[in-house]
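The residues making up each chain are set out below.
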Amino acid sequence: QVQLVESGGGSVQAGGSLRLSCAPSPSQDTYSNYCMAWFRQSPGKEREGVAHISAFGVRTYYADSVKGRFTISRDTKNLYLQMNSLKPEDTAMYYCAAEVMASCKRDSLEVGNFGYWGQGTQVTVSS
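Below, the structure is looked at part by part. (Residues numbered from 1 in each chain as written. Predicted model: local features only at pLDDT ≥ 70, side-chain atom pairs only at ≥ 80, totals over all residues. Heavy atoms only, no water.)

## Details of the side chain of Arg 69
Okay, so step 1: Tracing the chain through its elements places Arg 69 in the loop between strand 6 (60-62) and strand 7 (70-74).
Okay, so step 2: A relative accessible area of 11% places Arg 69 in the buried class.
Okay, so step 3: Of note is the side chain of Arg 69, whose polar atom sits 2.9 Å from the backbone oxygen of Ser 65.
Okay, so step 4: One polar contact links Arg 69 to Asp 90, side chain to side chain, over a distance of 2.7 Å.
Okay, so step 5: Apart from the residues lying within four places of it in its own chain, the contact partners of Arg 69 are Gln 82, Met 83, Asn 84, Ser 85, Leu 86, Lys 87 and Asp 90. (Helix = DSSP H or I, 4+ residues; strand = E, 2+ residues; numbered from the N terminus. Buried < 20%, exposed > 50% of the residue type's maximum accessible area, 1.4 Å probe, protein only. Polar contact = N/O pair within 3.5 Å; in protein donor to acceptor, adjacent residues only side chain to side chain. Contact = heavy atoms within 4.5 Å.)

Here it is in structure tokens:
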């Protein structure tokens, strides 16, 4: 049974940066066959899609709220989210998600399109 594990969250001042990581555990040779995404959720709000990366990293897609500030990327083992110019409204629990390539929806930031989830890592941005 493969699990997704997030790391890299923490507290930062507005304008600062954080780099989140997500990795399947144990490592998978077929990792690149999954589309992946980052979501976030703050108390009292629905889970919100942040960024999507296609299988093999061919395409990326971002929510308007983070476009130009966040960068999603992947290598053969890990998924990353580089978060720059952080704002207090970015404060949330951040989750990584994955779906097998055959079931991926292009550029999807919809929770229901992802079958594998991590447990989240907290990001707190202070003003």
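From this point, things continue past the structure.
## A few points about the pattern of salt bridges
Okay, so step 1: Summed over the entire model, instances satisfying the criterion amount to five salt bridges.
Okay, so step 2: Between Asp 90 and Arg 69 there is a salt bridge, and its shortest N-O distance comes to 2.7 Å. One end of the pair, Asp 90, is in the loop between strand 8 (79-83) and strand 9 (92-100); the other, Arg 69, is in the loop between strand 6 and strand 7, with 21 residues separating them in the sequence. The same class applies to Asp 90 and to Arg 69, which are both buried.
Okay, so step 3: Each member of the salt-bridge network shares a partner with another, and the members are Arg 40, Glu 48, Arg 69 and Asp 90. (Salt bridge = Lys/Arg side-chain N within 4 Å of Asp/Glu carboxyl O.)

## Some remarks on the sheet that holds strand 3 (residues 18-25)
Okay, so step 1: Pairing within the open sheet is antiparallel, and its four strands lie in the order 1-3-8-7. Looking at which strands have only one partner, the edges of the open sheet turn out to be strand 1 (3-7) and strand 7. On average, each strand axis in the sheet is inclined to that of its neighbour by 15°, with strand direction left out of account.
Okay, so step 2: Relative to strand 8, strand 3 is paired through five bridges, and the arrangement is antiparallel. From the neighbouring strand, Leu 20 faces strand 8, where its bridge partner is Leu 81. (Pairing = 2+ DSSP bridges. Axes fitted to C-alpha atoms, helices over the stretch in contact; angles between N-to-C directions.)

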